[in-house]
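In case you want the letters, here they are:
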There are 2 protein chains.
Amino acid sequence: MSARPDFVHWMTSIQQRTESALETLLPPASRPPDRLHEAMRYAALGGGKRVRPLLVHGAGHLVDADPPRLDRIACAVELIHVYSLVHDDMPCMDDDVLRRGKPTVHVEYDEATALLVGDALQTRAFELLADAPVADVPADQLAMLALLARASGSQGMAGGQAIDLAAVGKQLSRAELEFMHIHKTGALIRAAVLLGARAGHPLPADELERLDHYGKQIGLLFQVVDDILDAEADTATLGKTAGKDAEQDKPTYVSLLGIGDAKRHAEELLADACATLAPFGARAIHLRALAEYIARRSF
Amino acid sequence: MSARPDFVHWMTSIQQRTESALETLLPPASRPPDRLHEAMRYAALGGGKRVRPLLVHGAGHLVDADPPRLDRIACAVELIHVYSLVHDDMPCMDDDVLRRGKPTVHVEYDEATALLVGDALQTRAFELLADAPVADVPADQLAMLALLARASGSQGMAGGQAIDLAAVGKQLSRAELEFMHIHKTGALIRAAVLLGARAGHPLPADELERLDHYGKQIGLLFQVVDDILDAEADTATLGKTAGKDAEQDKPTYVSLLGIGDAKRHAEELLADACATLAPFGARAIHLRALAEYIARRSF
């Protein structure tokens, strides 16, 4: 695929500018309470694929959005994601010790600090969307804030975590598994796409719906690939503890469909996501490449 | 004091309308994930003095703000407060089993649910300020959102929790103790006053500063009285475990100043708060009565 070197270049540049924006937008480690601020930076900086920031910028490209504005939106979405990882790794949830190749926050610091780090990262995410312009008019910015909140809360990501907790040790149907993932990881991924798409020139409703469908499909794709990688990869490649799902008796696409059908399902989702983008033509170049990347990633 | 029966009537009506607004603004327990929604309602409904909602309405009265708008703001501030209680009670923090006379969320449900309840209540707080009008123009609403976020995050309430954690077993100076409380409880109390004051007709900067000083003083007053009550009351009266601070070797105003000087300090703070309100005359009737109430409360 000839676009790949260009995509890698674009992806690297977005990852770098996201890192740099997070550096700036998180409180310095020297500011009191310094241990909390240091731990917030430990959790958020220096790692991660930055899939959600890539989606924000990819969708923002489609509407010619101002890149510094996209940086702020990307950081808000990423901080919601990072807060959820920090809390999800805690002993009372997944009890995981490794994340992005480093000890998890409660291991490196302590549980109470991890709890506060997650809390304060969430707060900072909403603060980022409130204390500087990310849309042409404040009313649009409020709508974007509400969108991020809906995607993150009890009827989005946090709700998905609750459904996941309740599912441990249970046999789920494919519909139930999909319902869980549409909330747990899908809601925030969809929000990333839609927030980027709302940061530039206005799109007609049918095009926003198209992007929402794209976001839904790659959210599921992301999870199916995650389950495949968790079943197949080793811990060193993954940068987090591999094989945890099976060990914890959590339902996955692999446990439900088998590895072959899980891979076929991933291909279908990829094809559907790309077809959804077709009417956007060249403007969707990054979103198309991101769908490919999410499908083909090995970590 | 002749105003007291009127104040009790007003206070009861605000507490009732806050309860009713929270009932409406929290997701129904029947909506999936139902266990999470049930636990969110368990944490937030049916208890508490609703000090922050009272402050929102008291300050809102001063600027003739629309009461339903104040209800939404009051609920947002209260949900931030409740989320912090739920997380603060968890085993890795204060490890408390009783709150508002009921088992804490992690005791009644489980730790993972308590973690998610706190997370989702925080999200809902910001959503409330984003998804319906609480100011005349959206730009003011964004500023109010940013104000609540600043007061709640790593440089406000969550930061105060971190300072509190770091202080266990240490001898603090009075200045250090005050710094901790200005963040831990003071920031959100100040925010409650300022958010109420920004929901109606605009106030000049010097009057907003005056209200901010009032908020700062009653925030400290609240904490000094809390420390006195914790040292003197028994668990049944308090509705939470009494004597925890001394047991956990946490610095308090009582341990630092002695009970006599702590009580004298409370009187000074009350007098200063009331003097600050003097120029507002009768418009500050509820804020003045609230300062008295915070000083004289027995639970």
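Residues numbered from 1 in each chain as written. Chains lettered and ligands numbered in written order. Predicted model: local features only at pLDDT ≥ 70, side-chain atom pairs only at ≥ 80, totals over all residues. Heavy atoms only, no water.

Within an unreviewed UniProt entry, the label attached to chain A reads Geranyl transferase, and the organism entered is Pseudothauera rhizosphaerae. Per UniProt, chain A has the following entry under Sequence similarities (unreviewed entry): "Belongs to the FPP/GGPP synthase family." (UniProt positions renumbered as here; feature names shortened; annotations may be inferred.)

1. Structural notes on the overall build of chain A
In terms of regular secondary structure, chain A is built from 15 helices and two strands. The principal-axis extent of the C-alpha atoms belonging to chain A is close to 50 × 45 × 35 Å. The proportion of buried residues among the 299 residues of chain A is 60%. Considering only intrachain contacts with a sequence separation of at least 6, the fraction spanning at least 24 residues in chain A is 72%. In the form shown here, chain A has an accessible surface area of approximately 11100 Å², with 53% of it arising from carbon and sulfur atoms. (Helix = DSSP H or I, 4+ residues; strand = E, 2+ residues; numbered from the N terminus. Buried < 20%, exposed > 50% of the residue type's maximum accessible area, 1.4 Å probe, protein only. Contact = heavy atoms within 4.5 Å. Areas by Shrake-Rupley, 256 points an atom, 1.4 Å probe, with all protein chains shown as cover.)

2. So, the relation of the copies chain A and chain B
If you rotate chain A by 180 degrees and push it 0.0 Å along the axis, it lands on chain B with an RMSD of 0.0 Å. Read as a symmetry element, the transformation amounts to a two-fold axis. Closest approach to the rotation axis within chain A is made by the C-alpha atom of A:Pro138, at a distance of 2.7 Å. Taken together, the interface assignments show that 100% of the residues at the interface of chain A recur at the interface of chain B, consistent with an identical surface on both copies. (Least-squares fit on C-alpha atoms with pLDDT ≥ 70 in both.)

3. A word on helix 3 (residues 51-62) of chain A
Note that an α-helix has 3.6 residues per turn; residues three or four places apart therefore point the same way. All names here are of chain A. The terminal C-alpha atoms of helix 3 lie 17 Å apart, and with twelve residues this matches the ideal 16 Å at 1.5 Å per residue to within 8%. For helix 3, the tally of buried residues reaches eleven of twelve residues, placing the bulk of the element in the interior. Inspection of helix 3 places Val51, Arg52, Pro53, Leu54, Leu55, Val56, His57, Gly58, Ala59, Gly60 and Leu62 among the buried residues, and these make up the whole buried set. Two residues or fewer past helix 3, Asp64 is found with a positive phi of approximately 55 degrees. (Expected span 1.5 Å × (residues − 1).)

4. A look at the nonpolar core
Ranked by internal contacts, the top residues of the largest apolar core, which has 218 residues, are A:Leu55, A:Ile73, A:Tyr214, B:Leu55, B:Ile73 and B:Tyr214. Contacts of B:Leu55, omitting those with residues within four sequence positions, involve B:Ile189, B:Ala192, B:Val193, B:Tyr214, B:Ile218, B:Leu287 and B:Leu290. (Core = buried A, V, L, I, M, F, W, Y, C linked by side-chain atoms within 4.5 Å.)

5. Comments concerning the packing of helix 6 (residues 111-130) of chain A against helix 6 (residues 111-130) of chain B
Running from N to C, helix 6 of chain A and helix 6 of chain B cross one another at 15 degrees; their axes reach a closest spacing of 10 Å. Classed by the angle they form, the pair helix 6 of chain A and helix 6 of chain B counts as roughly parallel. Helix 6 of chain B is crossed by helix 6 of chain A, and the crossing has right-handed handedness. When helix 6 of chain A is examined against helix 6 of chain B, the residues A:Leu115, A:Asp119, A:Gln122, A:Thr123 and A:Phe126 are found in contact with a partner set consisting of B:Leu115, B:Asp119, B:Gln122, B:Thr123 and B:Phe126. Partitioning the contact of helix 6 of chain A with helix 6 of chain B into residue classes produces four nonpolar, four polar and two charged. (Axes fitted to C-alpha atoms, helices over the stretch in contact; angles between N-to-C directions. Parallel < 35°, antiparallel > 145°, perpendicular 65-115°, else oblique. Left-handed = near helix turned anticlockwise from the far one by under 90°. Nonpolar A, V, L, I, M, F, W, Y, C, P; charged D, E, K, R; others polar.)

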